[in-house]
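One-letter residues, chain by chain:
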Amino acid sequence: MLRVDQSRGTFVVTKPIQYVIGKRVRYNKTLNPQGQNPSFQLLQVVETVADASIAQRLEIEVGVSVALIERLAFADEQPLSIGSIALLEKGKGNREKGIGNSKLSKAFPTECCANRI
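Definitions and limits used
Residues numbered from 1 in each chain as written. Predicted model: local features only at pLDDT ≥ 70, side-chain atom pairs only at ≥ 80, totals over all residues. Heavy atoms only, no water. Phe/Tyr/Trp six-rings, centres within 6.5 Å; stacked < 30°, edge-to-face > 60°. Helix = DSSP H or I, 4+ residues; strand = E, 2+ residues; numbered from the N terminus. Buried < 20%, exposed > 50% of the residue type's maximum accessible area, 1.4 Å probe, protein only. Lys NZ or Arg CZ within 6 Å of the ring centre and 35° of its normal. pLDDT = per-residue confidence, 0-100. Contact = heavy atoms within 4.5 Å. Core = buried A, V, L, I, M, F, W, Y, C linked by side-chain atoms within 4.5 Å.

Caption draft 1: Looking closely at the packing of aromatic side chains. Scanning the model with the defined rule gives 1 aromatic pair in all. Ring centres of Tyr27 and Phe40 lie 4.9 Å apart, and the angle between their planes is 45 degrees; on these two criteria the pair is classed as tilted. Of the two residues, Tyr27 is situated in helix 1 (residues 27-31) and Phe40 in strand 3 (residues 38-49); the sequence distance between them amounts to 13 residues. You can call Tyr27 buried: its relative accessible area is 11%. Judged by its relative accessible area of 39%, Phe40 falls in the partly exposed class. Above the face of the Phe40 ring, Arg71 is positioned so that its terminal group lies 3.8 Å from the ring centre.

Structure below.
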């Protein structure tokens, strides 16, 4: 498929990716059926303190130490999005939810307090 942009040129356009936005959307399960190969690149992992926004979302006090993970998501090696996840040291939060058997749970000895920021 081609797209013509006036004064810019003609561009090859790939089929748009259909991505449902919701509470529990799985990246791999959304892209794989569309023939897309999902992958991630870790941009940074930093220890920081929760500001008001992070503290509210994780249900913790402002100033509590958290790990902030930023990663770049790809679909067929094309950048798609940048996301941040805050993780709280195990036992420090009010929530019971964890990250279970995910790759993050194997990489970090932490419990996720379930919110992307």
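Let's pick the thread back up.
Caption draft 2: How the structure looks around the confidence of the model for the protein. Averaged over all residues, the pLDDT of the protein equals 75, while 75% of them reach at least 70. Scored below 50 in pLDDT, residues 94-117 shows 51 contacts in the model against residues more than four places distant or in partner chains.

Caption draft 3: Geometry of the nonpolar core. Counting 9 residues, the largest nonpolar core consists of Ala50, Ile54, Ala55, Leu58, Ile60, Val66, Leu68, Ala86 and Leu88. The set of elements that each furnish at least two residues to this core consists of helix 2 (52-58), strand 4 (65-75) and strand 5 (78-89). No other element matches helix 2, which puts 3 residues into this core.

Caption draft 4: Representation of unusual backbone geometry in the model. A positive phi angle, close to 50 degrees, is found at Asp76, a residue other than glycine. Locating Asp76 in the fold gives a position in the loop between strand 4 and strand 5. Looking at Asp76, the relative accessible area reads 35%, which means it is partly exposed. Residues other than glycine seldom take positive phi values, yet Glu77 does so here, at roughly 65 degrees. One can find Glu77 in the loop between strand 4 and strand 5.

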